[in-house]
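# Report on the structure
The primary structure of each chain is shown beneath.
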Amino acid sequence: MRRVTIDPITRLEGHGKIEIFLDEAGEVANAYFQVPELRGFERFCEGRPVEELPRITPRICGV
Amino acid sequence: MAKLKLALYWAATCGGCEVAVLDLNEKILDVAAAADIYLWPVAMDYKYKDAEAWHDKFIDVCLFNGAIRNSEGEHLAKLLRAKSKVMVAFGSCACFGGIPGLANVADREGVFARVYGETPSTDNSDGTRPQTSFTVPEGELTLPYFYDTVKTLGQTVPVDYFLPGCPPVTKQIWAVVQAIVAGQLPPPGSFVGVAEKSVCEECPRVKEEKKVTAFVRPHQVIPQPEKCLLEQGLICCGPATRGGCGAQCVNANMPCRGCYGPTERVTDQGAKMLSAIASIIDATDEAGVKKVVDQIVDPLGTFYRFGLPNSLLTRVRV
């Protein structure tokens, strides 16, 4: 099965990858969107004072 | 003169550094006149395979932002280091670990358990976790390996220049771009786009060397606009932080959180903050000191807000 990899996806904030699988006729059989990035804000915001979060969470996305 | 070949890349980052570059506004046209950009995922369509095909040292200057969080970040750091004559750690994540570096309070499993298991909005009863390799009917899919510990760019590959800030202020970026174009960069290993001294030197507030009897949190007081925030009992990281930002936060009545990293002569920003705080606490005995210090709610997340991976501690033991 032929495969087209788009890595990275560009012109957006963040990291992304697309894998497209083509069947024998060259038609798209299936496609997968993947996010190869995680920073873990859900974890490291724990324990921070709530009044500090407006200075931490803007760094989830700065675009 | 031949045009410079530039690459801009982001690893574990938020994209704010890219926007800081775009905040050059019309000066970006001057950059385009002096340099051709060969990689910049946020703005232009190049693929990793394009970068892999370049010969070594093909790129003149790589501006690399973001911390090194997973194997993809490490791979791109090593790839772009090999392909670039000059590697610049751009922004606080690349220089010190930045906000993503706060994840060094946990390890890989600790982050995954929270993100993919415990968060109230997550429904993942079968415990699915990211896999580095996963077989689907059509073939194999791969993801980068998520490390236990966030590293800085300089802990991953040799770095020629460090341009800190979260994000770096635009006028500093422009000054560094001009120095690059003119070939007037300082010796390798230098910090660029920064002031020599601390944020306190740039801060217009009045310092009277007064002693502090209590620390307060920002929502508990309305700070006086002309007086040193630390002397008002608000934890301000200005004394431990390199200037160059123009003291933007303190000018907006918010205490410094240290994004420009430690000053030239300081190794550990948090240790320097402890020293600064110790010197202003007004107490005569150990119990009195403890009472004041206990009012600092989150020393790790405050003193190492932007630099836990770069600190002597590097991470919390788990």
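Relevant structure appears above.
Conventions used here
Residues numbered from 1 in each chain as written. Chains lettered and ligands numbered in written order. Predicted model: local features only at pLDDT ≥ 70, side-chain atom pairs only at ≥ 80, totals over all residues. Heavy atoms only, no water. Helix = DSSP H or I, 4+ residues; strand = E, 2+ residues; numbered from the N terminus. Rg over C-alpha atoms; globule rule 2.2 N^0.38 Å. Buried < 20%, exposed > 50% of the residue type's maximum accessible area, 1.4 Å probe, protein only. Contact = heavy atoms within 4.5 Å. Lys, Arg positive; Asp, Glu negative; His and termini not counted. Charge placed at Lys NZ, Arg CZ, Asp CG, Glu CD. Areas by Shrake-Rupley, 256 points an atom, 1.4 Å probe, with all protein chains shown as cover. Buried area = accessible area lost by both parts, 1.4 Å probe. Salt bridge = Lys/Arg side-chain N within 4 Å of Asp/Glu carboxyl O. Polar contact = N/O pair within 3.5 Å; in protein donor to acceptor, adjacent residues only side chain to side chain. Nonpolar A, V, L, I, M, F, W, Y, C, P; charged D, E, K, R; others polar. Phe/Tyr/Trp six-rings, centres within 6.5 Å; stacked < 30°, edge-to-face > 60°. Lys NZ or Arg CZ within 6 Å of the ring centre and 35° of its normal. Pairing = 2+ DSSP bridges. Axes fitted to C-alpha atoms, helices over the stretch in contact; angles between N-to-C directions. Disulfide = S-S within 2.5 Å.

Here the focus is the overall build of chain B. A count of helices and strands for chain B gives twelve helices and ten strands. Taken against the 2.2 N^0.38 rule, which gives 20 Å for 318 residues, the C-alpha radius of gyration of chain B at 22 Å falls within 12% of a compact globule. Taken over 318 residues, chain B has a buried fraction of 53%. Expressed as a percentage of contacts within chain B between residues at least 6 apart in sequence, the contacts between residues at least 24 apart total 73%. Of the charged side chains in chain B, 32 are positive and 35 negative; the average position of the first set lies 4 Å away from that of the second.

Helix and strand counts for chain A come out as two helices and three strands. Its C-alpha atoms give chain A a radius of gyration of 18 Å, more than 25% over the compact-globule value 11 Å for 63 residues. Its C-alpha atoms give chain A principal-axis dimensions of about 55 × 20 × 10 Å. Taking all contacts inside chain A whose residues are at least 6 apart in sequence as the whole, residues at least 24 apart take part in 7%. Carbon and sulfur atoms provide 54% of the accessible area of chain A, an area that totals close to 3,300 Å².

Residue and element names in this part refer to chain B. Structurally, D30 can be placed in helix α2 (residues 27-34). Here D30 falls in the partly exposed class, since its relative accessible area comes to 44%. Separated by 148 residues in the primary sequence, D30 and Q178 have C-alpha atoms spaced 9.6 Å apart.

Our next topic: the interface of chain A and chain B. On the chain B side, the residues contacting the 42 residues of chain A number 57 residues. Summing the contributions of chain A and of chain B, the shared interface buries around 4,100 Å²; its carbon and sulfur component is 58%. Area buried by chain A at its contact with chain B is led by A:L38, A:R55 and A:R59, which between them contribute 17% of it. Where chain A packs against chain B, one counts six salt bridges. Across the contact surface, chain A and chain B share 24 residue pairs in polar contact (both at pLDDT 80 or more). Per-element tally for the side of chain A that touches chain B: the top contributor is helix α1 (residues 41-44) of chain A, with four residues. For the side of chain A that touches chain B, the class distribution of residues is 18 nonpolar, eight polar and 16 charged.

Before going further, it helps to examine the packing of aromatic side chains. Within the structure shown, the criterion is met by twelve aromatic pairs over all chains. Here the aromatic rings of A:F21 and A:Y32 are separated by 6.0 Å at their centres, their planes lie at 85°, and the arrangement is edge-to-face. Residue A:F21 is located in strand β2 (residues 17-22), and its partner A:Y32 is located in strand β3 (residues 28-34); the two are separated by eleven residues in the primary sequence. Ring centres of B:F112 and B:F146 lie 5.0 Å apart, and the angle between their planes is 40°; this geometry places the pair in the tilted category. Of this pair, B:F112 sits in helix α6 (residues 108-118) while B:F146 sits in strand β8 (residues 146-151), placing them 34 residues apart in sequence. Take B:F112: its relative accessible area is 5%, and that puts it in the buried class. Above the plane of the ring of B:F191 lies B:R242, whose end atom (NZ or CZ) is 4.2 Å from the centre.

Residues and elements named next belong to chain A. Taken in spatial order, the three strands make up an open sheet running β1-β2-β3, and their pairing is antiparallel. At either margin of the open sheet sits one strand with a lone partner, and together these are β1 (2-6) and β3. Averaged over all neighbouring strand pairs, the angle between strand axes comes to 15°, with direction disregarded.

All names here are of chain B. Taken as a whole and judged by the stated rule, the model has zero disulfides over all chains. In this model C200 remains outside any disulfide bridge; the closest cysteine sulfur is found in C236, 6.3 Å from its own. For C245, which is in no disulfide, the shortest distance to another cysteine sulfur is to C259 and amounts to 6.2 Å. Here C245 falls in the buried class, since its relative accessible area comes to 17%.

The next point concerns unusual backbone geometry. Leaving glycine aside, a negative phi is the common case for residues, and trans is the common case for peptide bonds. Residue A:P8 follows A:D7 across a cis peptide bond; omega there is -5°. Within the secondary structure, A:P8 sits in the loop between β1 and β2. In this model, B:C166 is joined to B:P167 through a cis peptide bond whose omega is -5°. By secondary structure assignment, the location of B:P167 is in the loop between β9 (161-163) and α7 (170-181). One non-glycine residue, B:N25, adopts positive backbone phi at about 55°. One can find B:N25 in the loop between α1 (16-22) and α2. Unusually for a residue other than glycine, B:A247 sits at a positive phi of about 55°. Mapped onto the elements of the fold, B:A247 is located in the loop between α8 (199-202) and α9 (248-251). The class for B:A247 is buried, based on a relative accessible area of 1%.

Nothing here speaks to function; it is geometry throughout.
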